[in-house]
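Each chain, written out:
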Amino acid sequence: MATTRLMPLHSGKGRTVAEALGRVMDYVKNPEKTNGGDLVTAHQCNPSIANQEFLFSKRQYAVITGRERKENDVIAYHLRQSFKPGEITPERANKIGYDLAMSLTKGKHAFIVCTHVDKHHIHSHIVFNSTALDCTRKFRNFWRSSFAIRKISDMLCLENGLSVIAEPKPSRGSYGTWLGEGKPPTVRGQLEGLIDTTLGQGCKDFDSFLAAMKAVGAEVKRGKHLAFKIPNGKRFIRCDSLGDNYTETAIMERISSKRIVAPKAKTAIKSKPSLLIDIQAKMQQIHSPGFERWAKIFNLKEMVKTVMYLQENNLTDLGELEKACDAAAQRFNDLADRSKAASARMKDIAELERHIGTYSKTREIYMQYRKLTGRKQAKFYEQHSNEIMACQAAKRYFNSLGLKKLPSMQSLKQEYAKLQAENKKRYPEYKQAKEKMIELLTAKNNREREKS
């Protein structure tokens, strides 16, 4: 999944073009954000002096065309491409950003691609010169350019096995705002979700509630104020700081059903866990403190999601979880085998129909050929060689199947239509089984890695 945003850059009031270019280049090339500059690539310019090269091309443009720069002229374009946390490596993100810029500019404009790893989501900044390399024209932003860029970005993501956003919501806000309800919950939100889920399982009294919280990995601190630390959390969070429905008194009232709390519209309880990141292995490849910080936070959040998921599905026992994984895998494999068998038969039917069609069209010519002899046969073959060879090929195919009598085209079409309808009807069940299997295997993997 990648979000993209194209921003035309102007020099602005009180700044020269050189100052404006220098400012944006300093920001995107920041060594602390780009792993010491390792995540910076460029096309037709030197990254260390890209702003100066951009400026020189603009001066050449003025000399060649005789046109003077206006105050509202676009001096460069800044494109930002953000990726879903945990789905991509910085190096791969930089390569996709480079391909996106190359596709957009068709290689006719110099550009620089800088991938930042200082946030929880990996993102790339692409800055390309509005002036073309030949200094005779400029890049003109076109109507619905953002839509076109998103299409290019989605295509590159799909080619690289990444997810895409089906219905993006336009926004001028931050990445988290853009994601809306899809953004990751805060640590406080995760604790609220954990409390809600535990209470929803029908605790008999306050002590059983505390025991259930401990069972899912939360640490409990009782004193003047009740506080919890979520699994792998850094610090305890006081319950009275979460809101009126999460104080110690409110929790007791919720257990005794004296207080009824409606479920929140935005809750992380239904979130599906993602695989935890092997931080040590990734750090050997990336060597980025920023990525390490982000990965630890990501793993913390995904582990909380995993705990909630296991609670929801009554799979906190490892043995039951393994049984559920085996059953889900078996169900998925059974449906997959049935679909593959149907697809294979449909392929055979289509091939058989093709040969029957060919045979029916060429049979008369082949029969005439067989009745002739000598020079007449040779001359006839020369005139109808394609038809004769096609008929012979069809006969060899029928013999390979051991067919002594050809089935009717109508019966084959009916069988094909029936198999096609069954596969189409089976697909939602197959898709659901696949998603369930992946959810369970992900949760099992996360729990085993957390235990190790």
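Per chain, the residues get numbers from 1 upward, laid out in the order the sequence is written. Per-residue local features are limited, in this predicted model, to residues with pLDDT of at least 70; the limit for side-chain atom pairs, both in listing and counting, is 80 or more; totals at the level of whole chains, interfaces and linings are taken over all residues. With hydrogens and water set aside, each side-chain value is computed from the structure's full complement of heavy atoms.

*Asks:* So what about the overall build of the protein? Which residues, and what values?
*Replies:* A run of H or I in DSSP counts as a helix once it spans at least four residues, and a run of E counts as a strand once it spans at least two, with each numbered from the N terminus. Within the protein one finds 13 helices and 8 strands. A simple rule labels every residue: compare its accessible area, found with a 1.4 Å probe on the protein chains alone, to the largest value its type can have, and call it buried under 20%, exposed over 50%, or partly exposed in between. For the protein, with 452 residues in total, the buried portion stands at 42%. We call two residues in contact when some of their heavy atoms are within 4.5 Å. Across the protein, every contact between residues at least 6 apart in sequence was considered, and the portion connecting residues at least 24 apart equals 71%. The protein chains shown are the only cover counted for residues, whose accessible areas, like all others here, come from Shrake-Rupley with a 1.4 Å probe. Summed over all atoms, the accessible surface of the protein reaches about 26200 Å², with 50% contributed by carbon and sulfur.

*Asks:* Hey, could you go over the packing of helix H6 (residues 187-199) against helix H8 (residues 248-255) for me, with residue numbers and the actual values?
*Replies:* Put simply, H6 and H8 touch, their axes get as near as 11 Å, and they point 30 degrees apart. Considering the angle they form, H6 stands roughly parallel to H8. Here H6 runs over H8; the crossing is right-handed. For the pair H6 and H8, the contacting residues are Ile195, Asp196 and Leu199 in the first and Ile251, Arg254 and Ile255 in the second. Three classes are used, and their members are as follows: Ala, Val, Leu, Ile, Met, Phe, Trp, Tyr, Cys and Pro are nonpolar, Asp, Glu, Lys and Arg are charged, and the others, Gly among them, are polar. For the contact of H6 with H8, the per-class residue count stands at 4 nonpolar, no polar and 2 charged. Structural elements are reduced to axes, namely lines fitted to C-alpha atoms, with helices fitted over the stretch in contact, and the angle between N-to-C directions of any two is expressed from 0 to 180 degrees. Angles are sorted into four bins: roughly parallel if under 35 degrees, roughly antiparallel if over 145, roughly perpendicular if 65 to 115, and oblique for all others. When the near helix sits turned anticlockwise from the far one by under a right angle, the crossing is termed left-handed; a clockwise turn instead gives a right-handed crossing.

*Asks:* Which residues make up the packing of aromatic side chains, and what are the values?
*Replies:* Two measures describe an aromatic ring pair: the distance that separates the ring centres and the angle between the ring planes. Between the rings of Phe, Tyr and Trp (Trp by its six-membered ring), a pair exists once the centres lie within 6.5 Å; its type follows the angle of the planes, with under 30 degrees stacked, over 60 edge-to-face, and the other angles tilted. Evaluation of the coordinates by the stated rule reveals 12 aromatic pairs. Relative to Phe128, the ring of Tyr77 has its centre 5.2 Å away and its plane inclined at 15 degrees; by these criteria the two rings are stacked. Here the residue Tyr77 occupies a position in strand S3 (residues 76-83), and Phe128 occupies one in strand S5 (residues 123-129), the gap between them amounting to 51 residues. On the accessibility criterion, Phe128 (1% relative accessible area) is buried. Where Phe209 meets Phe228, the ring centres are 6.0 Å apart and the plane angle is 90 degrees; that geometry is what we call edge-to-face. Taken together, the residues span a long stretch of sequence, with Phe209 in helix H7 (residues 206-215) and Phe228 in strand S7 (residues 227-229) at a distance of 19 residues. A relative accessible area of 1% places Phe228 in the buried class. The criterion is that NZ of a Lys, or CZ of an Arg, lies within 6 Å of the ring centre and within 35 degrees of the ring normal, and then a charge sits over that ring. A cation over an aromatic ring shows up here: Arg254 above the ring of Tyr246, its NZ or CZ 5.3 Å from the ring centre.

Keep in mind that these numbers describe shape and distance, not what the molecule does.
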